[in-house]
Amino acid sequence: MAQLPKTNDLGFFEIRLESIGGLGANLAGKMLAESGVVGSGFNGVSFSSYGSEKKGSPVKAHIRFCDTNADIRDTTPVERPHIVGIFHENLSKTINVVSGIYADSIVLVNSARTPEELKEKMKLVGGTVAVIDATGIALEEKNRANMAMLGALFRLCDFLDAEHMRGVIRKSLEKKYPQAVEPALRTFQRGYDEVQFRTFELPEGVEMPLPKRWDIPVLGYETQPIGGVVINPGNSILKDLSISRSGMMPHFDDDKCIHCAACDTACPDFCFVWEEQPDKKGRPQMFLQGIDYQYCKGCLKCVTACPTEALSSERETDGYGEEHRVPHRFNLVQA
């Protein structure tokens, strides 16, 4: 029988998946738990936590395993994970995705960056960083990024039976989506084969930071201003939807644009920046200046609406949005 490599004080090996709605972390967590219970003989549980059930919103999936002689009576969120699977690297902009990890925890990231770059970006002081370009694999195989992430997770969790997982994938898809079975299996295998990882030793005298609860607001009955004044109200001007993009984004070609505003009509998030200028005859007309990628969630409705192919769907590369962003010029806020 397989043995868990390590456990916490309660006897659990814990995994936390950090994702956004639409990338399949909830399903991946369920399949991972099923394989551990049915395929490897552990006791296990899987559950997810999220707000609005909406594509692009933050999602967490929690998985616990323990030996069969122990019972799982704990369904609280995983705060001290042995493995963290981050399905979208830009989540680290707004969420502390590595909260609570141990010095020997593994952080798996869907990214095309190197482990060294991710260690700096996520401000890790130690641990093992594993990297898999799950989005790139999914686009090439015409499948979902969660299958590539599952493959990488099984490479890191060598106490789980990868062959049994292939059977779970086949069983889950073959009835409703038989055409998706082989692409899913190829994506899973590539995730298993292509994951790269590197261990960073904890510097001498440095301790891992304690976990910070993600679901407790900063302001409470002891810390809120007198009178309960809301000092930082929600504001659509300040929102950043870049963490919602799942691999693709619109590319703007100014030479092909006829400034018809079909893109602006289709866009749900006020991404396009316009400026009034004189046309060839000196008449005032609105001209499209570019895209404010801070508000772009990658829905690509603008690409479908564009009649001249001035907008095209392209794979998002690191830094492209920041480099090509044309910011809105709001009177009330300085970006």
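Further up the page is the structure itself.
Quantities reported herein were computed from a predicted structural model and do not represent experimental measurements.

A. The arrangement of the overall build of the protein in detail. The secondary structure content of the protein amounts to 9 helices and 11 strands. Dimensions along the principal axes, computed over C-alpha positions, put the protein at roughly 80 × 60 × 35 Å. Taking all 335 residues of the protein together, 44% fall into the buried category. Residue pairs in contact within the protein that sit at least 24 positions apart in sequence constitute 69% of those at least 6 positions apart. Averaging the locations of the 38 positively and 45 negatively charged side chains of the protein gives two centres separated by 5 Å.

B. Representation of the packing of aromatic side chains in the model. For the coordinates displayed, the defined rule picks out 7 aromatic pairs. With a centroid separation of 6.2 Å and 50° between ring planes, the pair formed by Phe42 and Phe65 is classed as tilted. Remark: Phe65 occurs in strand 3 (residues 58-66) and Phe42 occurs in the loop between helix 1 (25-39) and strand 2 (43-50); sequence separation between them is 23 residues. This pair shows no difference in class: Phe42 is buried, exactly as Phe65 is. Taking 6.3 Å as the distance between ring centres and 80° as the angle between the ring planes, the aromatic pair formed by Phe65 and Phe159 counts as edge-to-face. Within this pair, whereas Phe65 is found in strand 3, its partner Phe159 is found in the loop between helix 4 (145-156) and helix 5 (162-173), the two being separated by 94 residues in sequence.

C. Spotlight on unusual backbone geometry. Of note in the backbone geometry, His259 takes a positive phi value of approximately 55° without being a glycine. In this structure, His259 sits in the loop between strand 8 (248-252) and helix 7 (262-266). Phi is positive for Ala261, close to 70°, though the residue is something other than glycine. Here Ala261 lies in the loop between strand 8 and helix 7. When its relative accessible area of 24% is taken as the criterion, Ala261 is described as partly exposed.

D. Quick peek at the pattern of salt bridges. Tallying each qualifying case throughout the model produces 25 salt bridges. Asp133 serves as the salt-bridge partner of Arg315, at 3.1 Å between the closest nitrogen and oxygen. Of the two residues, Arg315 sits in strand 11 (residues 311-315) while Asp133 sits in the loop between strand 6 (127-132) and helix 3 (134-141), which places them 182 residues apart along the sequence. One salt bridge in this structure joins Glu141 and Arg186, with 2.9 Å as the shortest N-O distance. With Glu141 in helix 3 and Arg186 in helix 6 (residues 181-194), this residue pair connects regions lying 45 residues apart in the sequence. Residue classification places Glu141 among the buried positions, given a relative accessible area of 15%. What you see here is one network of salt bridges that share partners, running through Glu140, Glu141, Arg186, Arg190 and Glu194.

E. Focus on helix 1. Helix length check: helix 1, at 15 residues, gives a terminal C-alpha distance of 20 Å against a target of 21 Å (1.5 Å per residue), a fit within 8%. Among the structural elements, strand 1 (13-20), strand 2, strand 3, helix 4 and helix 5 are those in contact with the buried residues of helix 1. Gly41 sits one or two positions beyond helix 1 and adopts a positive phi of about 85°.

F. Quick peek at the side chain of Lys119. Note that Lys119 resides in helix 2 (residues 115-121). Of the buried charged residues, Lys119 lacks a salt bridge, with Glu120 as the closest side chain of opposite charge at 4.1 Å. Excluding residues that lie within four positions of it along the chain, Lys119 makes contacts with Leu124 and Phe200.

G. Region of interest: the side chain of Asp269. In this structure, Asp269 sits in the loop between helix 7 and strand 9 (272-278). At 3.5 Å, the side chain of Asp269 and the side chain of Lys239 are in polar contact. Excluding anything up to four places from it in sequence, Asp269 contacts Lys239, Leu241, Tyr295 and Lys297.

H. Quick look at the sheet that holds strand 3. Strand order in the open sheet made by the 7 strands is 2-3-1-4-5-6-7, with mixed pairing throughout. Looking at strand neighbours, the two that pair on one side only are strand 2 and strand 7 (196-200), the edges of this open sheet. Strand-to-strand twist across the sheet, computed as the mean angle between neighbouring axes with direction ignored, equals 15°. Taken together, the 4 bridges between strand 1 and strand 4 (residues 83-86) define a ladder with parallel strand orientation. The residue of strand 4 that forms the bridge with Arg16 is Val84. Across the sheet, helix 1 touches strand 1, strand 2 and strand 3, and the angle it forms with strand 3 is around 5°.

What counts, and at which threshold
- Residues numbered from 1 in each chain as written.
- Predicted model: local features only at pLDDT ≥ 70, side-chain atom pairs only at ≥ 80, totals over all residues.
- Heavy atoms only, no water.
- Helix = DSSP H or I, 4+ residues; strand = E, 2+ residues; numbered from the N terminus.
- Buried < 20%, exposed > 50% of the residue type's maximum accessible area, 1.4 Å probe, protein only.
- Contact = heavy atoms within 4.5 Å.
- Lys, Arg positive; Asp, Glu negative; His and termini not counted.
- Charge placed at Lys NZ, Arg CZ, Asp CG, Glu CD.
- Phe/Tyr/Trp six-rings, centres within 6.5 Å; stacked < 30°, edge-to-face > 60°.
- Salt bridge = Lys/Arg side-chain N within 4 Å of Asp/Glu carboxyl O.
- Expected span 1.5 Å × (residues − 1).
- Polar contact = N/O pair within 3.5 Å; in protein donor to acceptor, adjacent residues only side chain to side chain.
- Pairing = 2+ DSSP bridges.
- Axes fitted to C-alpha atoms, helices over the stretch in contact; angles between N-to-C directions.

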